[in-house]
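Chain by chain, the residues run as shown.
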Amino acid sequence: MLATLAQAVVNGLLIGGVYALVSIGVTLIFGVVKIVNFAQGEFLMIGMYISFFLASSFGIDPLLSLLISMPCLFAVGVLVQHFLIRRVLALGDMPQIFLTFALSLLLINLALLLFTANYRTVQTPYSELTIHIGPLYFAVAKLIAFAIAMLLSGLLWLFLHGTDLGKAMRAAAQNREVAMLMGINPDRVFCVAVGVALALAGAAGSLLMPFYPAYPLVGQIFVLMAFVAVVLGTLGNITGALIASLMMGIAESLGVQFVGADSGLIVVFVMLLLTLALRPNGLFGGWAR
Amino acid sequence: MTQSKVGRPWLWVAALVAVALALPLISSPFALDIFIRVLLFAFIGVAWNLMGGYAKQLSLGHAAFFGLGAYTSTILLIRFGISPWIGMLAGGVVAMLASLPIGALCFRLRGPYFAIATIATAQVLMLLFLKFRDFAWGAEGTTLPNLGDAPLMMQFDSKSAYYYVALALLALGLAITYSIEHSWMGFYLVAVGEDEDAAEAVGVDTTKIKRHIYLISAFLTALAGTFYVEYIYFIDPNTVFSFNISVEAALVSIVGGVGTLWGPVVGTVLLEATSALLQSWFGSGHGGVQLTVYSLILIGVILWRPNGLIGLFSDLYERLALSGSSRAKEAPLDG
Amino acid sequence: MAEALVVRNLSKRFGGLRAVQDLSFAVRDGETIALIGPNGAGKTTSFNLITGYYSPDAGSVFAFGREMVGLRPHEICSHGLARTFQVARPFGKMTVLANVMTGAFLRNRSMEVARSRARDAIEFVGLAAKEHTPARDLTTIDQRRLEMARALTTEPRLLLLDEVMAGLNHAEVDQAVALIGKLSARGLTIVIVEHVMRAIMAVARHIVVLDHGQKIAEGRPKEIITNQEVIRAYLGTGYRHEASGGDARC
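Residues numbered from 1 in each chain as written. Chains lettered and ligands numbered in written order. Predicted model: local features only at pLDDT ≥ 70, side-chain atom pairs only at ≥ 80, totals over all residues.

Chemist: Run through the overall build of chain A, naming residues and quoting values.
Modeler: Looking only at helices and strands, one finds eleven helices and two strands in chain A. For chain A, the N- to C-terminal ordering of α and β elements is α-α-α-α-β-β-α-α-α-α-α-α-α. Summarising its shape, the C-alpha atoms of chain A cover approximately 55 × 45 × 35 Å along the three principal directions. Taking all 289 residues of chain A together, 54% fall into the buried category. Of the contacts made within chain A by residues no fewer than 6 positions apart, 79% connect residues no fewer than 24 positions apart. (Helix = DSSP H or I, 4+ residues; strand = E, 2+ residues; numbered from the N terminus. Buried ≥ 20, exposed ≤ 12 C-beta atoms within 10 Å, placed from the backbone. Contact = placed C-beta atoms within 7 Å.)

Chemist: Go over the sheet that holds strand β5 (residues 66-67) of chain C, please, and point to the residues and values.
Modeler: Residue and element names in this part refer to chain C. In space, the four strands of this open sheet follow the order β2-β1-β4-β5, with antiparallel pairing throughout. Single-partner strands in this sheet number two, and they are β2 (17-28) and β5. Pairing geometry for strand β4 (residues 58-63) and β5, over two bridges, is antiparallel. Bridge pairing in β5 places Ala63 opposite Arg66. (Pairing = 2+ DSSP bridges.)

Chemist: Got a sec to walk through the nonpolar core? Specific residues and values, please.
Modeler: Of all hydrophobic cores here, the largest spans 281 residues; its most connected members are Leu21, Ala193 and Val228 of chain A together with Phe43, Ala166 and Ala224 of chain B. By residue number, the principal contributor to this core is helix α8 (residues 186-208) of chain A, which donates 16 residues. Lining this core are residues from two domains, each supplying at least three of them: domain 1 (1-80 + 156-250) and domain 2 (88-155) of chain C. Setting aside anything within four residues of it in sequence, one finds Leu21 of chain A in contact with Ala149, Leu152, Leu200, Ala201, Ala203 and Ala204 of chain A. (Core = buried A, V, L, I, M, F, W, Y, C linked by C-beta atoms within 7 Å. Domains from an automatic or database assignment.)

Chemist: With reference to specific residues and values, describe the interface of chain B and chain A.
Modeler: A common way to state how big an interface is: give the accessible area lost once the parts meet. Between chain B and chain A, the contact holds 29 residues from the first and 29 residues from the second. Those elements that place two or more of their residues in the side of chain B that touches chain A are α5 (111-131) and α13 (289-304) of chain B. By residue number, the principal contributor to the side of chain B that touches chain A is α5 of chain B, which donates ten residues. Of the residues belonging to the side of chain B that touches chain A, the class tally is 21 nonpolar, six polar and two charged. (Nonpolar A, V, L, I, M, F, W, Y, C, P; charged D, E, K, R; others polar.)

Chemist: So what's going on with the sheet that holds strand β8 (residues 189-193) of chain C? Residues and values would help.
Modeler: Residues and elements named next belong to chain C. If you walk across this open sheet you meet the six strands as β6-β7-β8-β3-β9-β10, and the pairing is mixed. Two strands close off the open sheet at either side, each with one partner strand: β6 (81-83) and β10 (214-219). Between one strand axis and the next, the sheet turns through 20° on average, direction left out of account. By the bridge criterion, five bridges tie strand β9 (residues 206-211) to β10 in an arrangement that is antiparallel. Within the sheet, the bridge partner assigned to Leu210 lies in β10 and is Lys215. Along the sheet, helix α1 (residues 43-50) makes contact with β3 (32-36), β6, β7 (158-162), β8 and β9, crossing β7 at roughly 150°. On top of the sheet, helix α6 (residues 170-185) reaches β3, β7 and β8; it is set at about 150° to β8, its chief contact. (Axes fitted to C-alpha atoms, helices over the stretch in contact; angles between N-to-C directions.)

Chemist: Could you give an account of the arrangement of the chains, naming the residues involved and the relevant values?
Modeler: Across the two pairs of chains that are in contact, the largest number of contacts falls between chains B and C. The two units chain A and chain C never meet; even their closest C-alpha atoms stay 11 Å apart.

Chemist: Requested: an account of the interface of chain B and chain C, with residues and values cited.
Modeler: Across the contact, 24 residues belong to chain B and 33 residues belong to chain C. Counting only elements with at least two residues in the side of chain B that touches chain C, the list comes to α7 (184-194), α8 (196-201) and α15 (327-330) of chain B. In terms of residues, the side of chain B that touches chain C owes the most to one element, α7 of chain B, which gives six residues. Of the residues assigned to the side of chain B that touches chain C, the class counts are twelve nonpolar, four polar and eight charged.

Chemist: Go over the pairing of β7 of chain C with me, naming the residues and quoting the values.
Modeler: Residues and elements named next belong to chain C. With five of its five residues buried, β7 lies for the most part within the structure. Of the strand pairs in this sheet, β6 and β7 are connected by three bridges, and their pairing is parallel. Counted as the bridge partner of Leu81 is Leu158 from β7. Note: β7 against β8, five bridges, orientation parallel. Looking across to β8, one finds that Leu161 is bridged to Ile192.

Chemist: I'd like a rundown of the domain arrangement of chain C, residues and numbers included.
Modeler: All names here are of chain C. Domain boundaries in chain C define domain 1 (1-80 + 156-250) and domain 2 (88-155). The straight-line distance from the C-alpha centre of domain 1 to that of domain 2 is 25 Å. Taken together, the contact pairs eight residues of domain 1 with eight residues of domain 2.

Chemist: Explain the environment of Ala251 of chain A residue by residue, including any values.
Modeler: All names here are of chain A. Residue placement: Ala251 occurs in helix α10 (residues 238-258). Look at Ala251 and you get buried, because 21 C-beta atoms sit within 10 Å. Put simply, Ala251 and Gly264 are 13 residues apart on the chain and 8.2 Å apart in space, counted from C-alpha to C-alpha. Excluding anything up to four places from it in sequence, Ala251 contacts Val267 and Met271.

Chemist: Got a sec to walk through the packing of helix α3 (residues 96-104) of chain C against helix α5 (residues 140-152) of chain C? Specific residues and values, please.
Modeler: Residue and element names in this part refer to chain C. α5 packs onto α3 with a crossing angle of 30° between their chain directions and a minimal axis gap of 7 Å. Judged by the twist between their axes, the crossing of α3 over α5 is right-handed. On the side of α3, the interface is formed by Val96, Asn99, Val100, Thr102 and Gly103, while α5 contributes Leu146, Ala149, Arg150 and Ala151. Along the lines of polarity and charge, the residues of the contact of α3 with α5 split into five nonpolar, three polar and one charged. (Left-handed = near helix turned anticlockwise from the far one by under 90°.)

In structure tokens:
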């Protein structure tokens, strides 16, 4: 019984790491650019397809393809910010929400058009591998995904706290006007923020490829988790998003294990509504860290 | 005040009404079906617009009320043999009651939080109804009994009858919107939509206003839900609580013109026309083409005319009708 | 004379910052007083506390004998307190007339009555020519006029004006002072937050000085401008007061 519990927690934790990459992206964009990116999941989807095609055409391992998918999505992020998001920044909630929402719709349907709805999978030598530690099983692919996700999160933290550009981003997140007065170019900072956020989503996609299928709607599921984690962890708070994502992964896993296979979603929504009801500012309150 | 209160606009409206009433006489069943969809979604859009367009409470969960209306009337019909006309009203009341706790939860949230919360509530309802087998048929849903031509049970032999019911619903929605727009409530709604803090400073009870408009919006949306299932003789959670309905409810106003009387109608006509055109060009087989183009259009509208396309039309109208001050058109609320 | 507004031991902190500390002052019915102090002294925060936008950590606010703490801003407005914002917040989409009518609806829901009262207020502030202009197209100064008209239609007995003179030229300041004078003549109790000395001297019978959230002085204008504490607060310790009046801005 305890072993089952522990196993469920472990499984949840590992997938939570992937959720974290997606939710950190959402919260980063919200913290810096102050808009909610409803299309974040689709960039994860793009990352998956990039890795899929690199694997099936050139035999490149998905984990290696990170080196390609991340820069690609960074560039996409810069373009999205510069040409789309920038135009609606001054317009208020409605256009902003609907812009990223429309973008999401566009990307899903383009994927449907170009790649069809078929599931695409990649088999790697370690896709089916598990290792034992005590009574617990660790799926190697998931373990690696978790490890790299944590690594990337750590690198992001270093970037935000250790580099000038990163500090500029945090400054812009806290107070845009003052940041501008200090000579920080908001557009540049926003481009980097969106680029980084999308790169993280793309990374999540590549990390998922060894053990998860790619298909046009795949992003929707992950973005749902991400959103709940972002709200739970407080919009704009990166550490909060990370911790909340891990919690979400565990909660979902426990729900599936002990309540029922189809109850993952309900657990998630209930958590969201409870959070909004009891602590609308999330568990951590405050600005991007 | 401009002189446009008498003369030209009424002529246009009268012409529109005449055309609307005559349409079924000259349409094929296929076309009629499209028109009914247009009327229905315009109506849902009008209901959404009261909250989302005027008061800027961006709900993406209106399907919750659509579904509640649909299920209430269907349960009353199938389990208790009650006429859907009554069921429709009952559904409206249920939706109103639901809007109270949902509003209490969501109105404390601003901007994107609010939207996310509304999405969540609609999804939770869908999930609940997917599980409820006992009195709501669960995931498979149910077909509605075919009672032949039974006007008292909201079932008609001729499609035209459904058309006129949908038209009446839309007319109701527009009438309510018009009377609100021209009363203190309309001013208060726009004030809340523009700046809640400033509204409070001049004595507007923002919480009460939001609660009231939510009641109205939920009620109307629920009516649409009942009509829809009566029209298609089928109900299941995935259909009536569908996120697509929530999206379309908001979309038609955004494309057509938020916070305006005719915006939702304009938006629905445009979107449905586009949709129909795309279907005839590409067929519904090519998964994704239709929505791809749809979303490109949407992005275009958002970038180019974020307040909706109705501004375009009123400018056009001015140039054609050569009427008075254009300012009056741009400020939808003019004393 | 009865007291229109009594603020007692009002305190508010934001995290580590004590924005307002133990503030107490009173305003007599029909009087016009000024709340002054360097930037960041807590003046706007005090307004926000009085009008219900922030809830105080401690203290009370009595207006016309009624406790205002705990009430929502719209309730406070209905009890007769109106305010303007430091940065004008018009309902951009609406015309000037519609904006002001929104205020008028508080006291009477009829469209005709609201329209007529709105027109009176618009006339009073000098915006009659721009009745049908959308508020977002107004100049900043006209937006301030609009905000005042809008506040007036709620039929306040106490009016809180937050830096309405900021950025006005000499003639405009005169106009604003005249407006305030007319309102005072109607019996309105007025509290202004201001930096423009000339205006303060012209309208205020009593001045309350804040610095770092605390009241450091209060009294007649003539006493205040020679008060060493006040001078130190504005100018630092290196200065001493020489002459008085003129167009000096604090």
